[in-house]
Amino acid sequence: MKIIAHRGGMSRGMQNAPEGVRLAARYRVDFVELDVVKKSPTDGFCCVHGWGRGSDLESCLAEMGEEMGLMAHLKGSYEREDLERLLKVILPQVPLERVIFASHGDAVLRRLHEISPNAQLARFGLMSAISAMWEPKLKPWQYCLIHHSVLLNCHVKALQRRGYSVMASCVWEFRSRDSVKRLGVDGAFVNLYADS
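Given the structure is predicted, the values throughout are model-derived calculations rather than measurements.

K.L.:
I'd love a proper account of helix 5 (residues 126-134), names of residues and values included.
P.N.:
Looking only at helix 5, the buried set comprises Ser-128, Ala-129, Ala-132 and Met-133. An end-on view of helix 5 places all buried positions within 145 degrees of arc, on one side of the element. With respect to the buried face of helix 5, the exposed residues turned more than 90 degrees away are Met-127 and Trp-134. Buried residues along helix 5 sit in contact with strand 7 (120-124), strand 8 (143-147) and helix 6 (153-161).

K.L.:
Explain the pairing of strand 2 (residues 31-38) to me, using residue names and the numbers behind them.
P.N.:
Of all the eight residues making up strand 2, seven are buried; the element is thus mostly covered by neighbouring parts of the structure. Here strand 2 pairs with strand 5 (residues 69-74) via six bridges, running parallel. Along strand 5, the bridge assignment pairs Val-32 with Leu-70.

K.L.:
Give a detailed account of the nonpolar core, specifying residues and quantitative values.
P.N.:
By size, the foremost hydrophobic cluster in this structure holds 52 residues, and its most contacted members are Leu-74, Ile-90 and Phe-101. A per-element tally of this core places helix 3 (residues 80-90) first, with five residues. Setting aside residues up to four positions removed in sequence, Ile-90 forms contacts with Leu-57, Leu-61, Leu-70, Ala-72, Val-99 and Phe-101. Of all hydrophobic cores here, the second largest spans 11 residues; its members include Ile-4, Phe-31, Ala-102 and Tyr-143.

K.L.:
Break down the packing of helix 5 against helix 6 for me, with residues and values.
P.N.:
Contact pair helix 5 / helix 6: the axes reach a minimum separation of 9 Å and the direction vectors enclose 50 degrees. Judged on the interaxial angle alone, helix 6 and helix 5 are oblique. Taken as a pair, helix 5 and helix 6 cross one another with a handedness that is left-handed. Contacts between helix 5 and helix 6 involve Leu-126, Ala-129, Ala-132 and Met-133 on the former and, on the latter, His-155, Ala-158 and Leu-159. Of the residues in the contact of helix 5 with helix 6, the class split is six nonpolar, one polar and no charged.

K.L.:
Describe in detail the environment of Phe-45, supporting the description with residues and values.
P.N.:
Along the polypeptide, Phe-45 turns up in strand 3 (residues 45-48). When the C-alpha positions of Phe-45 and Leu-57 are compared, they lie 5.7 Å apart, and in sequence the two are 12 residues distant. In contact with Phe-45, not counting residues within four places along its chain, are Val-36, Val-37, Lys-38, Lys-39, Asp-56, Leu-57, Glu-58, Tyr-78, Asp-82, Arg-85, Leu-86 and Val-89.

K.L.:
Tell me what's going on with the packing of aromatic side chains, and back it up with residues and numbers.
P.N.:
Applying the stated criterion across every chain, the model contains one aromatic pair. Judged by centre distance (6.2 Å) and plane angle (50 degrees), the rings of Phe-124 and Phe-189 are tilted. Here the residue Phe-124 occupies a position in strand 7, and Phe-189 occupies one in strand 10 (residues 187-191), the gap between them amounting to 65 residues. Of the two residues, Phe-124 and Phe-189, neither departs from the other in class, the shared state being buried. Here the guanidinium or amino end of Lys-38 rests over the ring plane of Tyr-78, the centre of that ring lying 5.5 Å away. Residue placement shows Arg-123 over the ring face of Trp-141; its charged tip is 5.9 Å from the ring centre.

K.L.:
I'd like a description of the environment of Arg-85, backed by residues and values.
P.N.:
Examined against the element boundaries, Arg-85 turns out to sit in helix 3. Classification of Arg-85 as partly exposed rests on a relative accessible area of 23%.

K.L.:
Please give an account of helix 4 (residues 106-115) that cites residues and values.
P.N.:
All of the buried residues along helix 4 are Val-108, Leu-109 and Leu-112. Relative to the axis of helix 4, the buried residues are bounded by an arc of 95 degrees and lie together on one face. Turning to helix 4, the residues buried within the fold contact strand 5, helix 3, strand 6 (99-103) and strand 7.

K.L.:
So, the pairing of strand 7: which residues are in play, and what are the values?
P.N.:
Here strand 7 lies mainly inside the structure; five of its five residues are buried. By the alternation rule, side chains of strand 7 split into Gln-120, Ala-122 and Phe-124 and Leu-121 and Arg-123, which are all buried. The pairing of strand 6 with strand 7 spans four bridges and is classified as parallel. Along strand 7, the bridge assignment pairs Ile-100 with Gln-120. Of the crossover connections in this fold, the one passing from strand 6 over helix 4 to the parallel strand 7 is right-handed. As judged from the three bridges shared by strand 7 and strand 8, these two strands associate in the parallel manner. Its bridge partner being in strand 8, Ala-122 is matched across the sheet by Tyr-143.

What counts and how
Residues numbered from 1 in each chain as written. Predicted model: local features only at pLDDT ≥ 70, side-chain atom pairs only at ≥ 80, totals over all residues. Heavy atoms only, no water. Buried < 20%, exposed > 50% of the residue type's maximum accessible area, 1.4 Å probe, protein only. Helix = DSSP H or I, 4+ residues; strand = E, 2+ residues; numbered from the N terminus. Arc of directions from axis to C-beta. Contact = heavy atoms within 4.5 Å. Pairing = 2+ DSSP bridges. Core = buried A, V, L, I, M, F, W, Y, C linked by side-chain atoms within 4.5 Å. Axes fitted to C-alpha atoms, helices over the stretch in contact; angles between N-to-C directions. Parallel < 35°, antiparallel > 145°, perpendicular 65-115°, else oblique. Left-handed = near helix turned anticlockwise from the far one by under 90°. Nonpolar A, V, L, I, M, F, W, Y, C, P; charged D, E, K, R; others polar. Phe/Tyr/Trp six-rings, centres within 6.5 Å; stacked < 30°, edge-to-face > 60°. Lys NZ or Arg CZ within 6 Å of the ring centre and 35° of its normal. Right-handed = clockwise from strand over helix to strand, strands pointing away.

Set out below in structure tokens:
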């Protein structure tokens, strides 16, 4: 099971910041999740950690461990030009095969798939995962990210039979990592704390 450092559980002020990425590298997690937003149409990208606060995406990427992957959670709307600029920021730091681009929106993932057909894509949400189980053609994403509180073993198995990898998101005090692992998921977002 792949472990993704979940931004929400890191110690206050560390999520989506270089310090949080260093913490994830210290724990040797498989991926670190960063919430990526556009600063402006021309000013690049940042990782948000609170109202009006953010770190440059480049400074977070610079702290990644050599083998660590990136779960780039794309927040907001991204046009083709935005995605092309984003790839130019991420790919010099992290190879494409170690990046998963995640979104709550189909349009963003479809645009990214058109630009970079080999990019690994992930879609958040139970409803999109359920629709993926019944549609005759696979969606452009390979990963379904579903909140652990609504995830059942039957969902996991059905999606895996359709060729998707399933990640449990927001794994914290409601279920232990072990119980989520028993669901048969391919990965889980877990919380990291500096004092653990």
